[in-house]
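Each chain, letter by letter, is given below.
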Amino acid sequence: MKKIILFTFVLGFTACTVKLMPPTKADADFAAKKYSDCNLAQLQKGKESYEKYCNSCHGLKKPTSQTEEGWNKMVPMMSRKANKKAGSVIVDENTQNAILRYLVVMSRK
Ligand code: HEC
């Protein structure tokens, strides 16, 4: 019986928790080729902002759950939603860019 409870718990836990990888130097090198002004600090800011602003209505989606085109469409749309909900601009242009770049870079894995 204990085992079943534990199993259910572990299953439920892993199902709604997305483990986000921190960006590495290799990710930053990849990003810099794609976006000339992108660096590791921006990717780190993107990850933090994604965790901070994107899970108030639904859980965080895996970076690999969307293609690059998907993220290009979703991130601006969702940033607008987040700002509308907050009643002020919490996800500004720079933050939105950082989130998008983090997700696009991590979606290739
Ligand atoms: C104000 C609430 C709200 C916030 C904040 C929000 N979302 Fe969403 N999100 C939704 C709703 C509602 C849907 C589903 C309906 C839709 O697509 O509009 C959705 C759907 C999505 C989807 C599509 C999921 C799928 O399986 O098709 C992605 C990806 C996504 N959100 C990413 C984000 C990102 C990235 C952020 C942060 C910038 C964010 N969301 C913040 C409400 C929100």
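Residues numbered from 1 in each chain as written. Predicted model: local features only at pLDDT ≥ 70, side-chain atom pairs only at ≥ 80, totals over all residues. Heavy atoms only, no water.

Student: Would you explain the overall build of the protein chain in this entry?
Tutor: On a plain count of helices and strands, the protein chain comes out with five helices and zero strands. Its helices and strands taken in sequence order, the protein chain reads α-α-α-α-α from the N to the C terminus. Taking contacts inside the protein chain between residues at least 6 apart in sequence as the whole, the part at least 24 apart equals 70%. (Helix = DSSP H or I, 4+ residues; strand = E, 2+ residues; numbered from the N terminus. Contact = heavy atoms within 4.5 Å.)

Student: Before we go on, may I ask you to explain helix α4 (residues 68–86) in this structure?
Tutor: Along an α-helix, residues three or four apart share an orientation, since each turn contains 3.6 residues. The end-to-end C-alpha distance of α4 is 27 Å, a good match for the 27 Å that 19 residues give at a rise of 1.5 Å each. Those residues of α4 that fall on the buried side of the exposure criterion are Gly-70, Trp-71, Val-75, Ser-79, Ala-82 and Asn-83. Buried residues belonging to α4 abut α3 (40–53) and α5 (93–106). Where α4 ends, the next residue or the one after it, Gly-87, has phi of about 75°, a positive value. (Expected span 1.5 Å × (residues − 1). Buried < 20%, exposed > 50% of the residue type's maximum accessible area, 1.4 Å probe, protein only.)

Student: I tried to follow the site of the ligand on my own but got confused; where do I start?
Tutor: Surveying the vicinity of the ligand reveals 15 residues, the closest of which are Cys-54, Cys-57, His-58, Met-74 and Met-78. Contact between the ligand and His-58: a nitrogen atom at 2.8 Å from a side-chain N or O atom of the residue. Taken together, the elements giving at least two residues each to the shell around the ligand come down to α3 and α4. When residues in the shell around the ligand are grouped by element, the largest group, seven residues, is from α4. (Near = heavy atom within 4 Å. Polar contact = N/O pair within 3.5 Å; in protein donor to acceptor, adjacent residues only side chain to side chain.)

Student: I would appreciate a short explanation of the side chain of Arg-101 in the present structure.
Tutor: Looking at the element boundaries, Arg-101 is found in helix α5. Setting aside anything within four residues of it in sequence, one finds Arg-101 in contact with Tyr-35, Asp-37, Cys-38, Gln-42 and Leu-43.

Student: I tried to follow the nonpolar core on my own but got confused; where do I start?
Tutor: Most often, soluble globular proteins have nonpolar side chains that are buried together. Counting residues in hydrophobic clusters, the biggest one holds 20 residues, and the most contacted among them are Leu-43, Tyr-50, Trp-71, Val-75, Ile-99, Tyr-102 and Leu-103. Sort the elements by how many residues they give to this core and α5 lands first, with seven residues. Ignoring sequence-local partners within four residues, the contact set of Leu-103 consists of Tyr-50, Pro-63, Trp-71 and Val-75. (Core = buried A, V, L, I, M, F, W, Y, C linked by side-chain atoms within 4.5 Å.)

Student: Help me understand the packing of aromatic side chains in this model?
Tutor: Any pair of aromatic rings gets described here by the distance separating the centres and the angle formed by the planes. By the definition in use, this model includes zero aromatic pairs. Over the ring of Phe-30 we find Arg-108, and its NZ or CZ is 4.0 Å from the ring centre. (Phe/Tyr/Trp six-rings, centres within 6.5 Å; stacked < 30°, edge-to-face > 60°. Lys NZ or Arg CZ within 6 Å of the ring centre and 35° of its normal.)

Student: What is the right way to read the packing of α4 against α5 from this model?
Tutor: Two quantities define a packed helix pair, namely the angle between the axes and the distance from one axis to the other. It is at 10 Å that the axes of α4 and α5 come closest, and there the two elements cross at 150°. Here α4 lies roughly antiparallel to α5, going by the angle between them. In terms of crossing hand, the pair formed by α4 and α5 is right-handed. Contacts between α4 and α5 involve Glu-68, Trp-71, Asn-72, Val-75, Pro-76 and Ser-79 on the former and, on the latter, Gln-96, Ile-99, Leu-100, Leu-103 and Val-104. Of the residues in the contact of α4 with α5, the class split is seven nonpolar, three polar and one charged. (Axes fitted to C-alpha atoms, helices over the stretch in contact; angles between N-to-C directions. Parallel < 35°, antiparallel > 145°, perpendicular 65-115°, else oblique. Left-handed = near helix turned anticlockwise from the far one by under 90°. Nonpolar A, V, L, I, M, F, W, Y, C, P; charged D, E, K, R; others polar.)

The values reported here are purely geometric and, on their own, carry no functional implication.
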